[in-house]
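# Structural characterization, general
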Amino acid sequence: MTTADRKPRVLSGIQPTSDSFHIGNYLGALRQWVALQDTADAFYCVVDLHAITVDHDPKVLHQRSRVSAAQLLALGVDPEKSALFVQSQVPEHPMLAWILGAETGFGEASRMTQFKDKSAKQERTTVGLFTYPILQAADILLYQTDQVPVGEDQRQHLELTRDLAIRFNGTYGQTFVVPEPHIVKETATIKDLAEPEKKMSKSSTSPRGCVYLLDEPGQVRKKIKSAVTDSDAEVRYDTEAKPGVSNLLNIYAALGNTTVEKLEAEYAGKGYGDFKGDLADVVADALAPIGARTKEFLADKAELDRILTAGAEKARHVAARTLAKAYKKVGFYPPVAL
């Protein structure tokens, strides 16, 4: 098979920094991961190396990595189609990050907006948090990635990755594929249910602002029914005047396999009670099978570990070749196989 004939390779990762992913993760990214498996050579990882750039409990991190992998499988990531692995299982990631760090200007790293945002929210700022985008670049370039599924908030990090690939290739000769963004433009950003002007996040200031994939159905319904709306009771899409209602419409359209326009027509003349009640059922019904499947994968520890080990072996088969090439280009001795 020639390069032109093969499927484009994609790489994406998600942090295990919560006990569950939320519907913003699912609708904004993870559902696209599943769809891409049919058209791309997919590598998906739980990025636990990134997770230790903030304070963490080692036992909690280990368990969250397992739960994260189980959720990805429950959502439809297929280990027969994709390489699913935990980032720390593939030591080539930090090894390449060191080389790329030597190619990154201090000013470039300083301009990363996510570093500024995250460092402002915590008491202790680490070098690891500062160099986070460089490790992210290594994650991508290790797999000779053609496309990276990213949201707009990650575009700056991908631009740094592209710059580093171009710079390295220009200095040492062709080594890395220069990746392109794969942005699903029609996917709306899911907002916090309690503060709809903010993106949904596990760090929500209100426990009712974030719907988790592993929430029990009763919790889901309660959160949806208590979501912030407004006082005029009209189910209408207007992100400026009605951010809460607009957010709920986006969720309903995405999970209910319909359109915002159809929902506006369906609920014309009806109050928020009917709208929220129906949406609560749609969300609860959509998430219940995911929770059940996640529990099944977690119950069979040996099988889950087998899937992750197989994914890591597939990933290392690609990553080791790329790292060996980069080592040779910069003048290092070749890494010794274990």
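Under an unreviewed UniProt entry, the name given to the protein chain is Tryptophan--tRNA ligase, and the organism recorded is Glycomyces niveus. In the Subunit (unreviewed entry) part of its UniProt record, the protein chain is described as follows: "Homodimer." According to UniProt, the comment filed for the protein chain under the heading Catalytic activity (unreviewed entry) is "tRNA(Trp) + L-tryptophan + ATP = L-tryptophyl-tRNA(Trp) + AMP + diphosphate + H(+)".

A word on the overall build of the protein chain. Across its full length, the protein chain carries 14 helices and 5 strands. Taking 20 Å as the expected radius of gyration for a compact globule of 338 residues, we find that the protein chain reaches 21 Å, a close match to that expectation. Dimensions of the protein chain along its principal axes, counting C-alpha atoms only, are 70 × 45 × 45 Å. Across the 338 residues in the protein chain, those meeting the buried criterion constitute 47%. Here the analysis covers contacts within the protein chain between residues at least 6 apart in sequence; of these, 74% occur between residues at least 24 apart. When the accessible surface of the protein chain is totalled, it reaches about 16400 Å², and 54% of it is carbon and sulfur.

For a regular strand, side chains alternate in direction, first toward one face of the sheet and then toward the other. A large share of strand 1 (residues 9-14) lies buried, amounting to 5 of its 6 residues. By the bridge criterion, 6 bridges tie strand 1 to strand 2 (residues 41-46) in an arrangement that is parallel. The residue of strand 2 that forms the bridge with Val10 is Ala42. Following the chain from strand 1 across helix 1 (residues 23-36) to the adjacent parallel strand 2, one finds a crossover that is right-handed.

Structurally, the position occupied by Ser65 is in helix 3 (residues 58-75). A relative accessible area of 6% means that Ser65 is categorised as buried. Residues within four places of Ser65 in sequence aside, it is in contact with Pro16, Val46 and Asp48.

Let's shift gears to the packing of aromatic side chains. Within this structure, the stated rule accounts for 10 aromatic pairs. A ring pair is formed by Trp33 and Tyr44, whose centres lie 4.5 Å apart and whose planes are at 10°; its orientation type is stacked. In this pair, Trp33 sits in helix 1 while Tyr44 sits in strand 2, placing the two residues 11 residues apart along the sequence. A relative accessible area of 2% places Trp33 in the buried class. In textbook terms, an aromatic cluster arises when at least three aromatic residues are bridged by ring pairs, as seen for Phe43, Phe85 and Tyr143. Over the face of the ring belonging to Tyr26 we find Arg31, whose NZ or CZ atom lies 5.8 Å from the ring centre. One Lys or Arg, Lys270, reaches over the ring of Tyr267 and ends 5.4 Å from the middle of that ring.

Tracing the backbone shows Ser231 in the loop between helix 10 (217-225) and helix 11 (243-255). Ser231 gets classed as exposed once you look at its relative accessible area, which sits at 76%. The spacing of Ser231 and Lys242 is 11 residues in sequence and 9.7 Å in space, taken between C-alpha atoms.

Let us now look at the packing of helix 3 against helix 13 (residues 272-299). Here helix 3 crosses helix 13 at 125°, and the two axes come no closer than 8 Å. Looking at the two axes, helix 3 sits oblique to helix 13. Seen along the crossing, helix 3 lies across helix 13 with a hand that is right-handed. Contact residues: helix 3 offers Arg66, Val67, Ala70, Gln71, Leu73, Ala74 and Leu75, while helix 13 offers Ile290, Arg293, Thr294, Phe297 and Leu298. Looking at the contact of helix 3 with helix 13 residue by residue, the classes come out as 8 nonpolar, 2 polar and 2 charged.

Conventions adopted
Residues numbered from 1 in each chain as written. Predicted model: local features only at pLDDT ≥ 70, side-chain atom pairs only at ≥ 80, totals over all residues. Heavy atoms only, no water. UniProt positions renumbered as here; feature names shortened; annotations may be inferred. Helix = DSSP H or I, 4+ residues; strand = E, 2+ residues; numbered from the N terminus. Rg over C-alpha atoms; globule rule 2.2 N^0.38 Å. Buried < 20%, exposed > 50% of the residue type's maximum accessible area, 1.4 Å probe, protein only. Contact = heavy atoms within 4.5 Å. Areas by Shrake-Rupley, 256 points an atom, 1.4 Å probe, with all protein chains shown as cover. Pairing = 2+ DSSP bridges. Right-handed = clockwise from strand over helix to strand, strands pointing away. Phe/Tyr/Trp six-rings, centres within 6.5 Å; stacked < 30°, edge-to-face > 60°. Lys NZ or Arg CZ within 6 Å of the ring centre and 35° of its normal. Axes fitted to C-alpha atoms, helices over the stretch in contact; angles between N-to-C directions. Parallel < 35°, antiparallel > 145°, perpendicular 65-115°, else oblique. Left-handed = near helix turned anticlockwise from the far one by under 90°. Nonpolar A, V, L, I, M, F, W, Y, C, P; charged D, E, K, R; others polar.

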